[in-house]
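Examining the three-dimensional arrangement
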Amino acid sequence: MADFRVDSREVWTSAKTVEHINAGSLQRIADATELMARRHLDLIRERDEYERRYKAAVGRERALERKLSAAKGQITKLRNAAKKEQNHAE
């Protein structure tokens, strides 16, 4: 079978029919479309990966904020208890 893609790029003579040239150009268009679609899918995968990483980082940040808040609460609780003991001792 002739490679009409190559034929459609060349300067053609009457030996090659217009149908052959059109078939080759359509095949080249299909190839280019497939390449664009592949790149598009790569971009979608990359975006999804960054989105996953972002959500994981936000989750870690929120967990650390809760831990810090809880630790501050415990410090305040202990500080108040120590003041209470000190007031009773006096």
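Placed above this text is the structure.
When helices and strands are counted, the protein chain shows two helices and zero strands. By residue count, 7% of the 90 residues in the protein chain fall in the buried class. Of the accessible surface of the protein chain, which amounts to about 8,200 Å², a share of 58% is contributed by carbon and sulfur atoms.

Oppositely charged side chains can form a pair if their charged atoms are brought close together. Scanning the model with the defined rule gives five salt bridges in all. Between aspartate 42 and arginine 45 there is a salt bridge, with the nearest N and O atoms lying 2.9 Å from each other. Linking aspartate 42 with arginine 45, this pair stays in helix 2 (residues 18-89), spanning three residues, or about one helical turn. A relative accessible area of 32% means that aspartate 42 is categorised as partly exposed. Classification of arginine 45 by relative accessible area gives exposed; the value is 52%.

Here the focus is helix 2. Taking 1.5 Å of rise per residue, 72 residues should cover 106 Å, and helix 2 covers 106 Å from first to last C-alpha, within 8% of that figure. Along helix 2, the residues classified as buried are Ile21, Gly24 and Val58.

The rules behind the values
- Residues numbered from 1 in each chain as written.
- Predicted model: local features only at pLDDT ≥ 70, side-chain atom pairs only at ≥ 80, totals over all residues.
- Heavy atoms only, no water.
- Helix = DSSP H or I, 4+ residues; strand = E, 2+ residues; numbered from the N terminus.
- Buried < 20%, exposed > 50% of the residue type's maximum accessible area, 1.4 Å probe, protein only.
- Areas by Shrake-Rupley, 256 points an atom, 1.4 Å probe, with all protein chains shown as cover.
- Salt bridge = Lys/Arg side-chain N within 4 Å of Asp/Glu carboxyl O.
- Expected span 1.5 Å × (residues − 1).

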